[in-house]
Amino acid sequence: MTFSLPPQAEKALALLHDAGFEAWIVGGCVRDFLLGLVPKDYDITTSALPEETKKVFGGYPTIETGARHGTITVVLEGETLEITTYRVDGAYSDARHPDGVSFTRSLREDAARRDFTMNAMAYAPGLGIRDFFGGTEDARQGIIRAVGDPETRFREDALRILRAIRFAAVLDFSLEEATQAAARRCAPALGKISAERLYAELGKLLCGKAAGRVLRQYPEILSVVIPELGPMVGFQQQNEHHCYDVYTHTAVAVDHVPPVLPLRLAMLLHDVGKPDTFFLGEDGQGHFYGHARRSVALAETILTRLRAPRRLREQVTTLVRYHDAVLEEDPRRLRRWLNKLGPETFFDLLEIQRGDTAALAPAYCTRNDRLNSLEKVAKELLAEKPCLTMKGLSVNGNDLLALGYQGPNLGAALRALLDRVLEGEIPNEKQALLGWLAQNDTKNSPERGDNA
Ligand code: ATP
Ligand code: MG
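A brief report on the enclosed structure follows. The structure displayed is predicted, hence computed values, not measured ones.

## Points about the side chain of Glu201
Considering the arrangement of structural elements, one finds Glu201 in helix H9 (residues 195–206). Among the polar contacts made by the side chain of Glu201, one reaches the side chain of Arg166 at a distance of 2.6 Å.

## With respect to the pairing of strand E3 (residues 62–66)
Two strands pair when backbone bridges link them, and E3 and strand E4 (residues 71–76) are joined in this way by three bridges, in the antiparallel orientation. Within the sheet, the bridge partner assigned to Thr62 lies in E4 and is Val74.

## Thoughts on the nonpolar core
By size, the foremost hydrophobic cluster in this structure holds 99 residues, and its most contacted members are Ile144, Ile165, Leu190, Leu215 and Phe346. When near neighbours in sequence (up to four residues on either side) are disregarded, Phe346 contacts Leu327, Leu334, Trp337, Leu338, Leu341 and Ala378. In this structure, Ala23, Cys29, Leu81 and Tyr123 belong to the second largest nonpolar core, which totals 24 residues.

## So, the site of ligand 1
The full set close to ligand 1 counts 15 residues, and Arg31, Asn119, Asp157, Arg160 and Arg166 are the nearest of them. Here a nitrogen atom of ligand 1 and a backbone polar atom of Asp115 are 3.2 Å apart. Take Arg163: an N or O atom from its side chain is 3.0 Å from an oxygen atom of ligand 1. Across the complex, the protein chains shield 81% of the 580 Å² of accessible surface that ligand 1 would expose by itself. Secondary-structure elements contributing two or more residues to the shell around ligand 1 are helix H2 (28–34) and helix H7 (159–171). Ranked by residue count, the leading element in the shell around ligand 1 is H7, at four residues. By residue class, the composition of the shell around ligand 1 is one nonpolar, three polar and 11 charged.

Calculation notes
Residues numbered from 1 in each chain as written. Chains lettered and ligands numbered in written order. Predicted model: local features only at pLDDT ≥ 70, side-chain atom pairs only at ≥ 80, totals over all residues. Heavy atoms only, no water. Helix = DSSP H or I, 4+ residues; strand = E, 2+ residues; numbered from the N terminus. Polar contact = N/O pair within 3.5 Å; in protein donor to acceptor, adjacent residues only side chain to side chain. Pairing = 2+ DSSP bridges. Core = buried A, V, L, I, M, F, W, Y, C linked by side-chain atoms within 4.5 Å. Buried < 20%, exposed > 50% of the residue type's maximum accessible area, 1.4 Å probe, protein only. Contact = heavy atoms within 4.5 Å. Near = heavy atom within 4 Å. Areas by Shrake-Rupley, 256 points an atom, 1.4 Å probe, with all protein chains shown as cover. Nonpolar A, V, L, I, M, F, W, Y, C, P; charged D, E, K, R; others polar.

Printed below as a string of structure tokens:
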């Protein structure tokens, strides 16, 4: 079997081989090659010690990223490449990091410290694949199997539990039975893992093509990563719109939005406030008044704890806040929404509402016809390039200054004009706007200024 490697990887392997060392591409890239996917990066493992690696790449820029763990980053052909010495990890006393690492000259020992059989293979041109643990067959069959005893491996580093189900979601694979049982048993240990590591794996999991199935299959693992999901599991909605409990509804909805992080996170968290807001009405139906607001508060807490970037937190909470808002085709209402959210977020919100609707009881999924037609109307409206913001008005601050408006009154006048334009009462044309101002003189109106 031959794989075509990018020039920087070819070159690094050749330089190390020429210097008398063993060197292989290893890990995720070998797995991806076998699966016919394009690897994201090419990690290299070598028998050369870090000092020896540095010597081999003496003529190239190197960065000592993780020298303690034996990793040297080299810049070759304009690309960075991580080159790591064969290593064995020492004891793990904290379920997170090895107490120390030691270097070895044995590729097999290096492979044995890796997480799953499909991630423990090495490849070099002319030498083919080195597969010590049956990774080729497991990859072919779509099986995620721990290298060695799964419970031991998960107790060493609990993040591997989340990685296992992340790979299951991304590749649409299944966990081998013993690996699966150990993952469930050891799940509480994930509580010790840092937010950054959890967040990175969770994001990949959510954007996986089998995310919904994996969420449904492993609620006990997800509930350690995000404890607020726990109360949703099995929570019956007792409402005719719903055929799933809150957690299952959420998992189904996740699959029905495009695989981009803000949408998937918003879908995951849109109903997280439901268990807190449930009440059984006299009509015998379960209701969740105010759940969107409660979900926003919880989403904010969750995403802050996971150290999600601020911009993403804002995107997600905006979508959660309005996930059940009633959107109408009326152009006046549409312009208001487009003004409030901006077109991009507005269309994201439509995706969220469609995902939410697709996970309702079948009789109610038809609401999506309405959302599709709403999208069409919104696109037609935008094609006319309507004025949706103050900046889009055909008069600006200078025009109003010239008319004698100042300070808060000027801002209030612009806002009043935008309001009239959004309402469709006056066209966004300079003459019309100035004419309206002349008739509705707000220059000397202190109330308007004060309210600004
Ligand atoms: P991706 O394609 O998402 O990058 P990957 O398998 O390359 O997946 P990385 O996090 O880049 O994942 O790790 C590279 C390799 O390092 C893995 O393939 C695996 O061999 C090993 N590895 C990574 N994390 C762990 C871990 N927590 N425990 C054991 N081995 C690990
Ligand atoms: Mg990788």
